[in-house]
Amino acid sequence: MYLCKPKLKSSTSLNRNMKNDNIDETIDEMGDAFVSPNTDTPMREDAFEKSDAEKIEIIQQNVKEIMNTLGLDLTDDSLKGTPKRVAKMFVNEIFSGLHPDEKPKASTFQNKYKYGEMLVEKNITLYSTCEHHLLPIVGRAHVGYISNGTVVGLSKMNRIVDYYAKRPQVQERLTMQIVKELQEVLGTEDVACVIDAKHLCVNSRGIRDIESSTVTSEYGGRFKDPEARRDFLDYINLDTEF
Ligand SMILES: [Zn+2]
């Protein structure tokens, strides 16, 4: 497994190496190769001062503006509901994971069976949105951990993937956020995540490569050990037929 999109310079080294007025241009050119070094989604302090209803109202106006600018006739029956539909979809669905209230509650259990081996939840369906183009990312996440006595319900792993996916994302950050969250919930460093996903900004526009997908991985604790990592990847590659 490897990182298809290598992490380029962090924004700090970028700042150091370039004059300020060139930075915007450079970031634009780097496009979806630009990755902030921070694991947290970059958000403003006032992100939740407005209610969801207020956000929907404002976004609706903005989408209307975009459609008007493109010359679309918003009195047409097929188009007139689009601004509101898009605004609701942004706030309530595809970007709902920005809101801390949406974070899945961390219910854990004691590991009664003393199962000390690796547990892998694979092929978790992943729908996210590329933060550079606001186009879909569609793929699968594979998550594994080695319990130190605490276990988590299996569907919780799906929910954690889904929560962080429902944000404007870069795949590298998404992979790290999932691992970090599970490490906190489980109280262990021994967590791993691999994501294999198609980015519609690559598949449907720009280079238009339908076949390529991006693979990212993050290994914590014992997963840094090559043998544990190999076991994890073997589990993922098991041909499961039901
Ligand atoms: Zn993109």
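These figures come from a predicted structure and were not determined experimentally. (Residues numbered from 1 in each chain as written. Predicted model: local features only at pLDDT ≥ 70, side-chain atom pairs only at ≥ 80, totals over all residues. Heavy atoms only, no water.)

An account of the overall build of the chain is needed here, citing residue identities and associated values.
Looking only at helices and strands, the chain has eight helices and seven strands in total. Counting across all 242 residues of the chain, residues that qualify as buried make up 38%. (Helix = DSSP H or I, 4+ residues; strand = E, 2+ residues; numbered from the N terminus. Buried < 20%, exposed > 50% of the residue type's maximum accessible area, 1.4 Å probe, protein only.)

Give me the lowdown on the sheet that holds strand β2 (residues 118-130), citing residues and values where you can.
Strand order across the open sheet formed by five strands is β5-β2-β3-β6-β7, with mixed pairing between neighbours. If you trace the sheet from one side to the other, it starts and ends with β5 (168-169) and β7 (214-219), each paired once. Of the strands in this sheet, β2, β3 (136-146), β6 (191-199) and β7 are in contact with helix α8 (residues 226-237), which crosses β2 at around 70°. (Pairing = 2+ DSSP bridges. Contact = heavy atoms within 4.5 Å. Axes fitted to C-alpha atoms, helices over the stretch in contact; angles between N-to-C directions.)

A description of the coordination of the zinc ion should follow, citing residues and the corresponding values.
Here the zinc ion is held by C130 (SG), H133 (ND1) and C201 (SG), and the distances to it run 2.1 to 2.3 Å. Going along the chain, you hit the donors of the zinc ion in the pattern C-x2-H-x67-C. Separated by 68 residues along the polypeptide, H133 in the loop between β2 and β3 and C201 in helix α7 (residues 200-203) bring together distant segments of the chain. What makes H133 partly exposed here is its relative accessible area of 30%. (Donors = N, O, S within 2.8 Å, 3.2 Å for Na, K, Ca; no water.)

Explain the pattern of salt bridges to me, using residue names and the numbers behind them.
One pass over the full model with this rule turns up seven salt bridges. Here D46 and R44 are joined by a salt bridge, their closest N and O atoms 2.9 Å apart. Of the charged contacts in the structure, one is a salt bridge between K103 and E181, with a shortest N-O distance of 3.2 Å. Here E181 lies in helix α6 (residues 171-186) and K103 lies in the loop between α4 (82-94) and β1 (108-110), a separation of 78 residues in the sequence. Judged by relative accessible area, E181 falls into the buried class, the value being 7%. (Salt bridge = Lys/Arg side-chain N within 4 Å of Asp/Glu carboxyl O.)

I'd like a rundown of unusual backbone geometry, residues and numbers included.
Backbone geometry places N123, a non-glycine residue, at a positive phi of 55°. For N123, the position within the fold is in strand β2. Positive phi, normally seen in glycine, also occurs at R208, with a value near 55°. Inspection of the secondary structure puts R208 in the loop between α7 and β7. The class of R208 is exposed, set by a relative accessible area of 60%.

Would you mind going over the pairing of β6 in detail, with residue names and values included?
Of all nine residues in β6, seven are buried; the element is thus mostly enclosed. Examined bridge by bridge, β3 and β6 share nine bridges and lie antiparallel to one another. Following the sheet pairing, I137 is matched in β6 by H199. Sheet topology note: the β6/β7 ladder contains six bridges and is antiparallel. For I195, the partnering residue across the bridge sits in β7 and is T216.

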